[in-house]
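Chain and residue survey
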Number of protein chains: 2
Amino acid sequence: MLSKKSKYALKAMMVLAKEYGQGPVLISDLAQREDIPRKFLELILLELKNQGLLQSKKGKGGGYFLGRDPQLISVGHIVRVLDGPIAPLPCVSKMAYMRCRECRDERTCAIRFVMKEVRDATAKIMDSTSLADMLRQVETVVNGKEPLSFAI
Amino acid sequence: MLSKKSKYALKAMMVLAKEYGQGPVLISDLAQREDIPRKFLELILLELKNQGLLQSKKGKGGGYFLGRDPQLISVGHIVRVLDGPIAPLPCVSKMAYMRCRECRDERTCAIRFVMKEVRDATAKIMDSTSLADMLRQVETVVNGKEPLSFAI
DNA sequence: AAAGATCGGGACTGACTCAGTCAAGAGCCT
DNA sequence: AGGCTCTTGACTGAGTCAGTCCCGATCTTT
C-alpha cells in the first residue's frame, strides 16, 4: 500500500516537473495547489532533497525545484525514498535484501518465488515510468487522444 | 508489504495443500512445522475458515483442512483475506474501490494510472498462482529440473 | 545592517496497526 | 464423563502513520 507520504511526494513532484526550468516553487504553493498539509509536505520535500531528487533555495524568491530533468526521475525512485523498498518481502528485495530468519531453504521457497515475480513486475513498471512520462500521459488524456480505457 | 499474517497463512496453507485428502492437521503441528506462534496461527486459520478457504473439525482427531482442491485456491485469495485489497491505492482497487477525497479528476490522474498498472500486474500474478502451482514449483526445484535462475 | 521571506530541524502527539498473549468456553469423540 | 480440539473475547506492548508546533538558520532586498 502506497503511503500518503509517497502519494503527496508524487503529486508535488509532478507540479515541479511541470514547472521545471522556471525557477523555484514555494512549499506553500505546492501545499495549496495539491491540498497537502503544509508542514507535512516540508518533511517530504526535505527527504527528497536529501536523496538528491530536489534542490532548494532559501530567502525571497526561493523554494524547491527538481534536481534534474523530469525524464531522469522515476516513480520508483520517489516511492523508494519515502516508503523504502518496493519488494513485498525483504528476501526478494534487490535494494534491501534480508534473509527470512525462519527460512529453511530459500531456493525451494515457493512464497519467495511468487513474491519475487510481484516485485519484479512492480519495479519494472515504477522504474520505467518517469515524471516526464506521467506529464505526457496527462496531456494525452486531456487532449482526448486516449480511449480512457481504464476509467471506471 | 506482505504482513506476517499473510506469510504465515501461505505457509500453513502450503502444508495443508500437501496433506490434502489425508484428514485434518492440528494447529500445533502446523505451528511447529512452520515455526509460527501457535496462538497467532489460530487467529489466522480462523479468518481463513470464516472466508471459506478452510474447514475444521473439533475434538480428538480434529484439526484444519482445505475447504477445496489446492488447484482452486489462489495466493491472491489468501492474501486478500488476511491483508485486504492488493491495490496500492484504494482508487485503483477492484474489490474495495474508494475515490480519493482530494482527487479533482480521476481520468487525468497520472499517479492513479501508474498504480493501476501495478495493481493489475500484481493481481494477475497472485490470482493465477494456486497452492497446487506452488507445490509443483517446489517439486521441480527439489528435483533439480530447474535452472534456479532466481537464486541469489 | 536590518527586515522579511524562506527553508530546516527537533520534539511531540493521537490514532491506529502489527504481532502477538491469556483465559475461558464450546463442540466432539471414546 | 473426560480429554482433546477448535473458538471467542479481551488485552497488550511496540511501532508506524500522519501530522502539528515552535524555534532556528539562511538568503535576498533595501
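So, here's what we can say about the structure. (Residues numbered from 1 in each chain as written. Chains lettered and ligands numbered in written order. Predicted model: local features only at pLDDT ≥ 70, side-chain atom pairs only at ≥ 80, totals over all residues. Heavy atoms only, no water.)

Observations concerning the protein's contact with DNA strand D
Cut-off, in case you're wondering: Summary of the distance rule: residues count as near a molecule or strand when at least one heavy atom falls within 4 Å of that molecule or strand. Under the rule applied, a polar contact is a pair of N or O atoms within 3.5 Å (in protein, one hydrogen donor and one hydrogen acceptor; residues adjacent in sequence only if both atoms are side-chain atoms). Helix and strand definitions here come from DSSP, where helices need a minimum of 4 consecutive H or I residues and strands a minimum of 2 consecutive E residues; each element is numbered from the N-terminal end. Residues are grouped as follows: Ala, Val, Leu, Ile, Met, Phe, Trp, Tyr, Cys and Pro are nonpolar; Asp, Glu, Lys and Arg are charged; all remaining types, including Gly, are polar.
Around DNA strand D, the structure places 25 residues, and the nearest of them are Lys39(A), Glu42(B), Lys49(B), Ser56(B) and Tyr64(B). Within 4 Å of the protein, the contacting atoms of DNA strand D are 79% sugar and phosphate, with bases supplying the remainder. At 3.4 Å from a phosphate oxygen of DNA strand D is found a main-chain nitrogen or oxygen belonging to Lys4(A). Those elements giving two or more residues to the surface near DNA strand D turn out to be α1 (4-18) and α3 (38-50) of chain A together with α3 (38-50), β1 (54-57) and β2 (63-66) of chain B. Here the element with the most residues in the surface near DNA strand D is α3(B); it accounts for five residues. In the surface near DNA strand D, the residues fall into eight nonpolar, five polar and 12 charged.

Points about the protein's contact with DNA strand C
Inspection of the region around DNA strand C gives 26 residues, with Lys49(A), Ser56(A), Gly63(A), Tyr64(A) and Gly59(B) positioned closest. Near-protein atoms of DNA strand C (within 4 Å) split between backbone and bases, with sugar and phosphate holding 79%. Residue assignment for the surface near DNA strand C shows that the elements contributing at least two residues are α3, β1 (54-57) and β2 (63-66) of chain A together with α1 (4-18) and α3 of chain B. Across the surface near DNA strand C, the residue classes break down as eight nonpolar, six polar and 12 charged.

Digging into the pattern of salt bridges
To keep things clear, this is the line we draw: Salt-bridge detection follows one rule: a side-chain nitrogen of Lys or Arg within 4 Å of a carboxyl oxygen of Asp or Glu. Remark: exposure states derive from per-residue accessible area (1.4 Å probe, protein chains only) relative to the maximum for the residue type, with buried under 20%, exposed over 50%, and partly exposed in between.
Using the criterion set out here, one finds 24 salt bridges over all chains in the structure. One salt bridge in this structure joins Asp105(A) and Arg107(A), with 3.4 Å as the shortest N-O distance. On the basis of relative accessibility, which here comes to 27%, the residue Asp105(A) falls in the partly exposed class. Judged by its relative accessible area of 37%, Arg107(A) is partly exposed. Put simply, Glu42(B) and Lys39(B) hold a salt bridge, and the shortest N to O gap is 3.4 Å. Taken together, the residues Glu42(B) and Lys39(B), both in helix α3 and three residues apart, mark about one turn of the helix. Judged by relative accessible area, which is 59%, Lys39(B) ranks as exposed. When salt bridges with common partners are traced through the structure, they connect Lys7(A), Lys11(A) and Glu102(B) into a single cluster.

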